[in-house]
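Reading the structure
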Amino acid sequence: MASAASKLYADDVSLLMVLLDTNPFFWSSSNLPFSKFLPHVLAFLNSILLLNQLNQVVVIATGYNSCSYIYDSSSDSNQGSDHGRIMPARCSNLLQKLEEFVIKDEQLFKEGSREGISSSLLSGSLSMALCFDEQIYRGFFDQGHFILNLAVTMHAMQILCLQGSSDGPEQYVAIMNSIFSAQRSMVPIDSCYMGSSNSAFLQQASYITGGVYLKPQQPNGLFQYLSTVFATDLHSRAFLQLPKSLGVDFRASCFCHKKTIDMGYICSVCLSIFCKHHKKCSTCGVLKLLSVLYALCFGWVRRITT
Amino acid sequence: MSSSSSRRVVKRVKYKDAVKNPGTPGVLTMVENRFVFKPNDPTSARMLDVEFRHIKGHKNTKEGSKQPPLLNLSSSREGISYIFEFQSYPDLHECRDFVGNALSKATETAKTASERDGVTFPDEQLSAAEMELRMKLLQEDSELQKLHMQFVISGVLTESEFWATRKKLLDGDSRTKPKQRVGFKNSMILDTKPTSDGRIFALKPAVHQAFLKLVPIKMTEKDFWTKYFRAEFLHSTKNAATIAAEAAEDEELAIFLKEDEIVAREARWKIRRVDPTLDMEADQGDDYTHLPDHGIFRDGSKDITELQNEQYRRTLSQDLNRQGAVVLQGRTVDGDLEDPENVAEALMRSRQEPDEGAVQERLDRITRMNEMDDLREPRDHPVAQLCIKDPRDYFDTQQANALKTLDDSRIGIEQKKCSMTTEEAYGSLRESISKIKSIGLKNSTVESEIALTVLNGLTQNISSTKYQLGKNPRESILDSLPNRTKEELLHHWMSIQELLRHFWSSYPITTAYLSTKVGKLKDAMSQIYRQLEEIKESDFRHQVSLLVRPMHQALDAAFQHYESDLQKRAARSAEMPNGNA
Amino acid sequence: MPQVRIIAKNFMDMVAALPAMKLDKLYENAFICEAILRSLPPLAKKYVLQLLCIEVPVTAKSMEEWVLPDGVSKHRVAIDRLIQLRIFTETVDRKRETTYTLNPIFQTNLKKLLVHGVVLPREPMPSNITVRLPSLEDLQAFALEQWECFLLQLINSSQSERPSNISSSMMKTFQRGLLSQRDREAPRLTDSGFQFLLMDTNAQLWYIIREYISNSEERGLDSADLISFLLELSFHVTGEAYNINTLNERQKNIIKDLADLGLIKLQQGRKDSWFIPTELATNLSVSLTDSSSRKQGFVVVETNFRLYAYSTSKLHCEILRLFSRVEYQLPNLIVGAITKESLYSAFENGITGEQIISFLQQNAHPRVAERVPSVPENVTDQIRLWETDLNRVEMTPAYYYDEFPTRELLEGASDFARGYNALLWEDVNSKKTRLVVKAENHVHMREYLGRQRQ
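All values derive from a computational prediction rather than experimental measurement.

Details of the overall build of chain C
The number of helices and strands found in chain C is 22 helices and 15 strands. When the 454 residues of chain C are sorted by exposure, 54% land in the buried category. As displayed, chain C has an accessible area near 22,500 Å², and 50% of this comes from carbon and sulfur atoms.

Now the structure itself:
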């Protein structure tokens, strides 16, 4: 059923994109403080790199105003000795970059622009992660390195969203588009949601792309969740049963008020979703239409139109 | 065994209640309006005699599937279906076509009946071909046929309304054809008069060059063409010796008589630019010209002339190739085509043009060929088909959503505004980062007890989902229902979709026609609504109500819209009592 | 797969075969832990990570809960391997419940790796010392050249351009099993030798290293020491120079041998000597896994028995020469033809048709590898047919007896031989009395005839 599972992976070499939520508003109110959360993640990244020399990890920070690549294990300079340091060199690099990112993210902040729900720019970082995939396709042929060539033959990319802040309905369309392109390129999106209730976006993302959605019940055991569930490479997923979330929230957001709705009106031309009946579609400008009313779930919408 | 007349089909079959049953062997006879099954064992009670008008749909197994050839005729009476196993697929196909015809005929008679006594609707005039296409579509898809029966024949929708939403199905094979370029007529000129469309020039570059050189400086146009046709005449005599003699005497005539130097050069050039991966050397052995029937001369004779006159010989194949090349090249000359001089000059201009671009294109093509297609990775990345999996999954998730219910009510609590200011929030985040920097990852490893509880929790989750969903994780509530209820529900869902589509596309209501249509649709929908209620009262109340809920919601919304729109219109007509009728 | 047979059991089996004491001692070194973790099958890696933080026994049942029906065999393999390597300790308690515990030394070392990072075995040359180091490309070229030279020498001592320093006794041990030496004849490749050539570089390297380790005891080296040193070496950084004085005497000796194989380049500085690990050395720990034995194929076989090999390697050319007629050699392409004659010479060398076919299939160029079959059927069939052609005559060593005094004796003898199922031929009708019996039964025949004579 998972689309990603249909692709056969020859081995356990994997490329892991980690989307790290750095929304300050979430972390300042979270049960698990950021200073306790991050070490788990760093240890997890280390363990992924430990498992296979060819594994690659890329970290993208998802901020409130921006998102950015903050770490790529392939660009690690020849790993020197970590002798006498308190943590591996790659972690201190990552922390350095992360700090710079947070400062930049704050500078982008315009006072008063913060309103309502303070969600992170998940759509941006998802797109960045998918673009990285494309870069890989192109980039690999430039490097004559013969170890890297091994990885080209079957590289298995997976995305892991470490998200805490709640969904931003205004990003609905962008996130949905990212999800569909991930599905199309057979990239599973795993999500580990740290917030208090479930994230409908991430549930849908994981459901559609065949990834795993998990909301840790014990946040202080995060590393155990990460290493038990999310460290499973795509090759092994064919043999293991991973936690399956029941009750995916398929509700969509309307385009007009960005509200999450159960029922709505869909433009029969461009499939825009509205919570009220309009005379004219504000997305594509079609008159008269906005006709079909359905219980909204992307599954249905697509079925009707195809 | 089968009778030759299409009015009647007789086949040896096995009749079954269910696919898995062994079935009763017997003979199936189909006539115009009914089918009869007689078991081989006369004592068996399983005799059938059913009229086609009681049959509402048919399904059959696909050829090539592992299943035996089965035909399933479902009756309009609840839950009854007749399954026949045929001895071969051809038998099955014959019967299926017969059933398809019979059913559409039954439909048609019903329809004509309804049209006769019903209101005349604005209907387009259909050609026989279109009618046939619709019939075919209905025969191929029994679901569609069911819908068609249900709505068109009962008069809820008109024929044209029904098909209006399925335009895509109807114009499946109309395709736009590429525009054609104007070219030469593909007729050989072997003995023509000097046509002025430049054809001779295009065909024979040497003549073209000679024309530019000689006319009008050395000779008049008339003299030129006279000479040309004299040369053509000489060729037609096939006497190479005479040709050689004449050529020796007359310098200008020789131009026409010799092999076209320019064409030959082009040919050589073409050989040179042949894709280097083609092995021309290898073809050398394939020289067939010495064999009989190769190298036919242009008028069919095959006499052998002396070798020294080789250059005055022209073979049919050469001429044909040249002709073909010119025709394919098309007419590149614009402007006045009446005057041969103009034509000649224009042609010269157009010849010179394709230099840079053409060379570049050729190089591109060569490099593309050189890539050795079969040794490359496929150019495009592998992609999955973008489609949603089984839409029935939706029902599952709806069920789970209904079960967890209260979880969502917490959203409100979570959305509590973070009381911190922006600076404070960012400040604390930065502080956390520097804190990690100073103490390292010491507290990253989880304590053994917590790790164990987490692992046990996850393991429990996995085993519980395994048991909850049974062995097959894809098993859904829909599958847990008995077949009859399931089919009924799916059919209702299809009908609701169809009706809603028509319902919403009729708004806003501008004509009286639309208003009656909406009324009819609404009645049909409320009928289905009641039927759904009835199903809900059946044994599987809990499961069914979960499935029915979204359908009811959709219908409710439609009714609500209908009522409010009705009120609005009533109010408007009250406002202007003298509204233009 | 023939590949597996020659590696016999791979390197990890050697490690697993070490006595428990030595194995536990190995795990004290964090590198070894990392190398061994990487060598595990994917599922086993996951299990180790899963139990990394758990210090109490975990029941086997709870681990099996996660396994899908398709994965049961893989799960079994993973668990077995973990127990073999003593990473998991299996205990069965009174209630007959099986539980696993992670090896505590292994566990602590891995945890340390995660939290504190890698501590390299030795520091590279400080940047203030100016020694011209070879570029990475040069180093790779050096390694490959050295390795190919070694291989050429291994299979055909006369072919190699310059003799390497590897002692002939060492070479002999490497050649053992790969070449068969008959009296006064040039050594010939055995079928396992042929298979050896068909493996990729890393697998070959491991074969050689394995041989090297297994006779290390003869040279007075401890195999556990050697293993740990080799694994340690693989964690050095390619292209960096390390001071040779950081090694002990024994290791210095090993280093010299490794340099001949191309694993290490030695460089003499003004004051100190340095050693620079090449890619071959740093890949040692990577290539432990089965997965890395995959490589790009290069051979295209056409239905007309022509063979195109996109390769620049002289070694590949030599391999192809074993069973085909090489016609042209272009800079990156070898064109050959599979002929009856070329195959016969291969069969004479003890290479079987199946081996050739599997070589062609396993090294099929990626574009033809996608097709089924990757090698045209008419070619594979013909190779098999030609091979069976050779087997029309069966050779059986036998003894020939004649001049029997009486017909009775002849008949008795032939009956006796028949009793052993050893009678090959008898000539009863002619006056000459002749008998041919399998050589292995000669002793019995002699005894019988002796008895009859009395």
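Focus on the overall build of chain B
Within chain B one finds 23 helices and 7 strands. When the 581 residues of chain B are sorted by exposure, 37% land in the buried category. Restricting the contact set of chain B to residue pairs at least 6 apart, pairs at least 24 apart contribute 58%. As displayed, chain B offers around 35,300 Å² of accessible surface, 52% of which is attributable to carbon and sulfur atoms.

Concerning the sheet that holds strand β5 (residues 189-193) of chain A
Residues and elements named next belong to chain A. Read from one edge to the other, the open sheet built from 6 strands follows the order β3-β2-β1-β4-β5-β6, with strand pairing classed as mixed. Edge strands, defined here as strands with exactly one partner in the open sheet, are β3 (67-72) and β6 (213-214). For β5 and β6, the ladder comprises 2 bridges, and the chain directions are parallel. If you follow Ser-191 over to β6, its bridge partner there is Tyr-213. Packing of helix α2 (residues 34-51) onto the sheet brings it into contact with β1 (14-21), β2 (56-62), β3 and β4 (156-163), and relative to β1 it is tilted by some 175°. Relative to the sheet, helix α7 (residues 200-209) contacts β4, β5 and β6, its axis offset from that of β5 by approximately 150°.

Regarding the packing of α2(A) against helix α3 (residues 89-107) of chain A
All names here are of chain A. Put simply, α2 and α3 touch, their axes get as near as 11 Å, and they point 135° apart. Overall, the two elements α2 and α3 adopt an arrangement that is oblique. Every pair of crossing elements has a handedness; the one defined by α2 and α3 is right-handed. When α2 is examined against α3, the residues Phe-34, Leu-38, Leu-42, Leu-45, Asn-46 and Leu-49 are found in contact with a partner set consisting of Arg-90, Cys-91, Leu-94, Leu-95 and Leu-98.

Focus on the confidence of the model for chain B
Overall, the predicted model of chain B reaches an average pLDDT of 67, with 54% of residues at or above 70. In this model residues 173-181 of chain B is a low-confidence stretch, pLDDT under 50, and it forms 2 contacts with partners more than four residues away in sequence or in other chains.

So, the pattern of salt bridges
All names here are of chain B. As enumerated under the stated definition, the model contains 19 salt bridges over all chains in all. For Arg-569, the salt bridge is made with Asp-565, and the minimal N-O distance between the two is 3.2 Å. Placement of both Arg-569 and Asp-565 in helix α23 (residues 541-575) is noted, with a separation of 4 residues, approximately one turn of the helix. Given the relative accessible area of 22%, Arg-569 is considered partly exposed.

A closer look at the packing of aromatic side chains
The final tally for this structure, using the stated rule, is 22 aromatic pairs over all chains. Here Phe25(A) and Tyr426(B) contribute two aromatic rings whose centre-to-centre distance is 6.4 Å and whose plane-to-plane angle is 75°, an arrangement assigned as edge-to-face. Here Tyr426(B) lies in helix α18 (residues 422-439) and Phe25(A) lies in helix α1 (residues 24-29), a pairing that spans two chains. Plain terms: the ring middles of Trp147(C) and Phe150(C) are 5.3 Å apart, the flat faces sit at 35° to each other, and that makes the pair tilted. With Trp147(C) and Phe150(C) both in helix α9 (residues 136-155) and 3 residues apart, this pair spans about one turn of that helix. Phe150(C) shares its class with Trp147(C); the two are buried.

Focus on the sheet that holds strand β13 (residues 398-402) of chain C
Residue and element names in this part refer to chain C. Within the open sheet, the 3 strands sit side by side as β13-β15-β14. Their pairing is antiparallel. Single-partner strands in this sheet number two, and they are β13 and β14 (423-427). Across the sheet, the mean angle from the axis of one strand to that of its neighbour is 10°, orientation sign disregarded. Bridge analysis of β13 against strand β15 (residues 434-438) gives 5 bridges, and the strand direction is antiparallel. Bridging from a neighbouring strand, Tyr-401 pairs with Leu-435 of β15. Against the sheet, helix α21 (residues 407-419) touches β14 and β15, its axis set at about 165° to β14.

With respect to α7(A)
All names here are of chain A. With 10 of its 10 residues buried, α7 lies for the most part within the structure. Within α7, burial applies to Ala-200, Phe-201, Leu-202, Gln-203, Gln-204, Ala-205, Ser-206, Tyr-207, Ile-208 and Thr-209. Within two residues after α7, Gly-210 carries a phi angle of roughly 80°, on the positive side.

Considerations on the pairing of β3(A)
Inspection of the sheet shows β2(A) paired to β3(A) by 5 bridges, in the antiparallel sense. Paired with Ile60(A) across the two strands is Tyr69(A), which belongs to β3(A).

Digging into a nonpolar patch on the surface
A surface patch of nonpolar side chains, amounting to about 310 Å² of accessible area, comprises Tyr400(C), Leu424(C) and Trp425(C). Relative to the assigned elements, Leu424(C) resides in strand β14.

As for the side chain of Ser47(A)
The residue Ser47(A) is located in helix α2 in this model. For Ser47(A), a relative accessible area of 0% corresponds to the buried category. For Ser47(A), the side chain forms a polar contact with the main-chain oxygen of Phe44(A), separated by 2.6 Å. When residues no more than four places from it in sequence are discounted, the contact partners of Ser47(A) are Phe223(A), Leu49(C) and Leu114(C).

Quick notes on the nonpolar core
Grouped together as the largest cluster of nonpolar side chains are 175 residues, with contacts concentrated most on Ile87(C), Phe323(C) and Leu360(C). Discounting chain neighbours no more than four positions away, the residues touching Leu360(C) are Val299(C), Val301(C), Leu307(C), Phe323(C), Ile338(C), Val375(C) and Ile383(C). Residues Leu144(B), Ile496(B), Leu499(B) and Ile528(B) belong to the second largest nonpolar core, which totals 40 residues.

Section: the environment of Leu40(C)
All names here are of chain C. Note on placement: Leu-40 falls in the loop between α4 (30-39) and α5 (42-50). With a relative accessible area of 2%, Leu-40 lands in the buried category. Between the C-alpha atom of Leu-40 and that of Leu-82, which follows or precedes it by 42 residues, the distance is 8.0 Å.

Comments concerning the pairing of strand β2 (residues 88-92) of chain C
Alignment of β2(C) against strand β3 (residues 98-102) of chain C, held across 5 bridges, turns out to be antiparallel. Within β3(C), the residue paired with Thr89(C) across the bridge is Thr101(C).

Examining the environment of Gly220(C)
All names here are of chain C. Examined against the element boundaries, Gly-220 turns out to sit in the loop between α12 (201-214) and α13 (223-233). Its relative accessible area of 56% is what places Gly-220 among the exposed residues. Separated by 30 residues in the primary sequence, Gly-220 and Arg-250 place their C-alpha atoms 9.6 Å from one another.

Describing the side chain of Ser311(C)
All names here are of chain C. Inspection of the secondary structure puts Ser-311 in the loop between β10 (306-309) and α16 (314-321). A polar atom in the side chain of Ser-311 sits 2.5 Å from the side chain of His-316. Leave out the neighbours within four places in its chain, and Ser-311 touches Phe-298, His-316, Pro-331, Asn-332, Leu-333 and Ile-334.

Topic: the confidence of the model for chain C
Residues and elements named next belong to chain C. Residue-level pLDDT values for chain C average 79, and 86% of them are 70 or greater. Long-range and interchain partners of residues 1-9, a stretch whose pLDDT sits below 50, account for 21 contacts in this model, where long-range means more than four residues apart. Counted against residues more than four places away or in other chains, residues 288-294, with its pLDDT under 50, gives 21 contacts. Both confidence scores are given for the complex: pTM 0.58, ipTM 0.80.

A few points about the packing of α2(A) against α4(C)
Close contact between α2(A) and α4(C) brings their axes to 8 Å; oriented N to C, the two are set at 70°. The orientation of α2(A) with respect to α4(C), classified from their angle, is roughly perpendicular. Side by side, α2(A) and α4(C) meet where Leu49(A), Leu50(A) and Leu51(A) of the first sit next to Glu34(C), Leu37(C) and Arg38(C) of the second. Looking at the contact of α2(A) with α4(C), its residues break down into 4 nonpolar, no polar and 2 charged.

Things to note about the environment of Pro19(C)
Residues and elements named next belong to chain C. Looking at the element boundaries, Pro-19 is found in the loop between α2 (11-17) and α3 (20-26). The class of Pro-19 is partly exposed, set by a relative accessible area of 45%. With 205 residues separating them along the chain, Pro-19 and Ala-224 place their C-alpha atoms 9.6 Å apart.

The rules behind these values
Residues numbered from 1 in each chain as written. Chains lettered and ligands numbered in written order. Predicted model: local features only at pLDDT ≥ 70, side-chain atom pairs only at ≥ 80, totals over all residues. Heavy atoms only, no water. Helix = DSSP H or I, 4+ residues; strand = E, 2+ residues; numbered from the N terminus. Buried < 20%, exposed > 50% of the residue type's maximum accessible area, 1.4 Å probe, protein only. Areas by Shrake-Rupley, 256 points an atom, 1.4 Å probe, with all protein chains shown as cover. Contact = heavy atoms within 4.5 Å. Pairing = 2+ DSSP bridges. Axes fitted to C-alpha atoms, helices over the stretch in contact; angles between N-to-C directions. Parallel < 35°, antiparallel > 145°, perpendicular 65-115°, else oblique. Left-handed = near helix turned anticlockwise from the far one by under 90°. pLDDT = per-residue confidence, 0-100. Salt bridge = Lys/Arg side-chain N within 4 Å of Asp/Glu carboxyl O. Phe/Tyr/Trp six-rings, centres within 6.5 Å; stacked < 30°, edge-to-face > 60°. Patch = residues over 30% accessible without salt bridge, like charges linked within 9 Å, V, L, I, M, F, W, Y side chains within 5 Å. Polar contact = N/O pair within 3.5 Å; in protein donor to acceptor, adjacent residues only side chain to side chain. Core = buried A, V, L, I, M, F, W, Y, C linked by side-chain atoms within 4.5 Å. Nonpolar A, V, L, I, M, F, W, Y, C, P; charged D, E, K, R; others polar.

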